[in-house]
Amino acid sequence: MRWLIFLSRVAFLCGVMVILALSLLFNEWNKGETISSAIITSGYALGMVLIPLVNLIYLISWIAGKKPGTIVPRWLILFNIGCLLLIFVYIFFVNDPYYYQK
């Protein structure tokens, strides 16, 4: 189960990039520098794939009877679940029909 620890750490980095990309969406704090495209790409593209995948693996291993909390630190599991919830909120925010009304 060393691969689960590795995937959890990669999902953690993707979660950090998601948070940075969302902060760039609401407040352009880096004044449009070149690095913002890398942050946005890694945050949205990798975050939308890896974070749900890792949480699905957590759920499958929990249903199978293996506790992911014994393999992966609990703070890492909670952070990845929180980032998944943040991604869901962002998706519902973008697809809200009242958001684009004038």
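Refer to the structure presented above.
Note that this is a predicted model, so its numbers are computed, not measured. (Residues numbered from 1 in each chain as written. Predicted model: local features only at pLDDT ≥ 70, side-chain atom pairs only at ≥ 80, totals over all residues. Heavy atoms only, no water.)

Q: Sorry, what's going on with the overall build of the protein chain here?
A: Looking only at helices and strands, the protein chain has three helices and zero strands in total. Walking the protein chain from its N terminus toward its C terminus, one meets helices and strands in the order α-α-α. The principal-axis extents of the C-alpha atoms in the protein chain amount to approximately 50 × 30 × 20 Å. In the protein chain, buried positions account for 33% of the 102 residues. (Helix = DSSP H or I, 4+ residues; strand = E, 2+ residues; numbered from the N terminus. Buried < 20%, exposed > 50% of the residue type's maximum accessible area, 1.4 Å probe, protein only.)

Q: Would you mind going over the side chain of serine 61 with me for this structure?
A: Mapped onto the fold, serine 61 is located in helix H2 (residues 35-63). Given the relative accessible area of 8%, serine 61 is considered buried.

Q: What should I look at first to understand a nonpolar patch on the surface in this one?
A: Taken together, the side chains of Met48, Val49, Leu78, Ile81, Leu85, Phe88, Ile91 and Phe92 present a nonpolar region at the surface, about 760 Å² in accessible area. Sorting the residues of the nonpolar patch by element identifies H2 and helix H3 (74-94) as the ones contributing at least two each. Counting residues per element, the nonpolar patch draws most heavily on H3, which supplies six residues. Along the chain, the position of leucine 85 falls in helix H3. (Patch = residues over 30% accessible without salt bridge, like charges linked within 9 Å, V, L, I, M, F, W, Y side chains within 5 Å. Areas by Shrake-Rupley, 256 points an atom, 1.4 Å probe, with all protein chains shown as cover. Salt bridge = Lys/Arg side-chain N within 4 Å of Asp/Glu carboxyl O.)

Q: I keep staring at H3 and nothing clicks. Help me out?
A: In an α-helix, one turn spans 3.6 residues; hence positions three or four apart end up facing the same way. Between the first and last C-alpha of H3 there are 30 Å, a value that for 21 residues agrees with the 30 Å anticipated at 1.5 Å per step. Here H3 has its buried residues at Leu76, Ile77, Asn80, Cys83, Leu84, Ile87 and Tyr90. The buried residues of H3 all sit within an arc of 145° when viewed along its axis, so they share a single face. Relative to its buried face, H3 has exposed residues pointing more than 90 degrees away, namely Arg74, Trp75, Leu78, Leu85, Val89 and Phe92. Among the structural elements, helix H1 (2-26) and H2 are those in contact with the buried residues of H3. (Expected span 1.5 Å × (residues − 1). Arc of directions from axis to C-beta. Contact = heavy atoms within 4.5 Å.)

Q: Honestly, the side chain of serine 8 in this entry has me stumped. Any pointers?
A: Within the element layout of this structure, serine 8 appears in helix H1. Setting aside its immediate chain neighbours within four residues, serine 8 contacts Val54, Tyr58, Val72, Leu76 and Asn80.

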